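Given next are the chains, with one letter for each unit.
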Amino acid sequence: MTLILDKKIYNDSVISKVVYWMSGDYKIVRISLDEFKEQIDLVGANGECVDSLVEEKFFQLLNDFKLRQVVADETRDIKTILYAKAFAEDEDLSEEDIHD
């Protein structure tokens, strides 16, 4: 099965996480077609063809990891403030220790 992904929607980090999670059950080849498109070739671990349920699982994982990334990005500043407040009395803590 071949999938074409829009890298403007799913960045490399999100795609890499999905490939990692599915790599135990499937052989996955990533091919960068251009700056904005990536081809994903999926084959069963034993060489068998995959069905539409695999495609559904792949896109479900893409959307899941994309949402996790959005939440992490949107809450980064709040986490930084909470860390700073929690360790405000620690004299050994620097600003670099607080950021991801």
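Anything mentioned here points back to the structure above.
The paragraphs below set out a description of the structure included in this document. Predicted, not measured: the structure shown is a model, and the values here were computed from it.

Regular strands place their side chains on alternate faces of the sheet. A one-sided burial pattern is seen for strand 1 (residues 2-6), the buried positions being Leu3 and Leu5 and the unburied ones Thr2, Ile4 and Asp6. As judged from the five bridges shared by strand 1 and strand 3 (residues 37-44), these two strands associate in the antiparallel manner. Across the sheet, Ile4 pairs through a bridge with Gln39, a residue of strand 3.

Quick look at the packing of aromatic side chains now. The way to describe two aromatic rings as a pair is by their centre distance and the angle between their planes. Using the criterion set out here, one finds two aromatic pairs in the structure. Residues Phe58 and Phe59 carry aromatic rings whose centres are separated by 6.2 Å and whose planes lie at 80 degrees to one another, so their mutual orientation is edge-to-face. When its relative accessible area of 25% is taken as the criterion, Phe59 is described as partly exposed. Lying across the ring of Phe36, Lys8 places its NZ or CZ 5.1 Å from the centre.

The subject of this paragraph is the pattern of salt bridges. Oppositely charged side chains are able to pair whenever their charged atoms sit close together. Following the criterion strictly, the structure yields four salt bridges and no others. For Arg68, the salt bridge goes to Asp64, with nearest N and O atoms at 3.1 Å. One end of the pair is Arg68 and the other is Asp64, both in helix 2 (residues 52-86) and four residues apart, which spans about a single turn. By relative accessible area, Asp64 is classed as partly exposed at 30%. Residues Asp73 and Arg76 are paired through a salt bridge, measuring 3.3 Å at the closest nitrogen-oxygen approach. In this pair, Asp73 and Arg76 are both assigned in helix 2, three residues apart and thus about one turn of the helix distant. With relative accessibility at 36%, the residue Arg76 sits in the partly exposed group. Connected through salt bridges with shared partners, the residues Asp12, Arg30 and Glu38 form a single ionic network.

The rules we used
- Residues numbered from 1 in each chain as written.
- Predicted model: local features only at pLDDT ≥ 70, side-chain atom pairs only at ≥ 80, totals over all residues.
- Heavy atoms only, no water.
- Buried < 20%, exposed > 50% of the residue type's maximum accessible area, 1.4 Å probe, protein only.
- Helix = DSSP H or I, 4+ residues; strand = E, 2+ residues; numbered from the N terminus.
- Pairing = 2+ DSSP bridges.
- Phe/Tyr/Trp six-rings, centres within 6.5 Å; stacked < 30°, edge-to-face > 60°.
- Lys NZ or Arg CZ within 6 Å of the ring centre and 35° of its normal.
- Salt bridge = Lys/Arg side-chain N within 4 Å of Asp/Glu carboxyl O.

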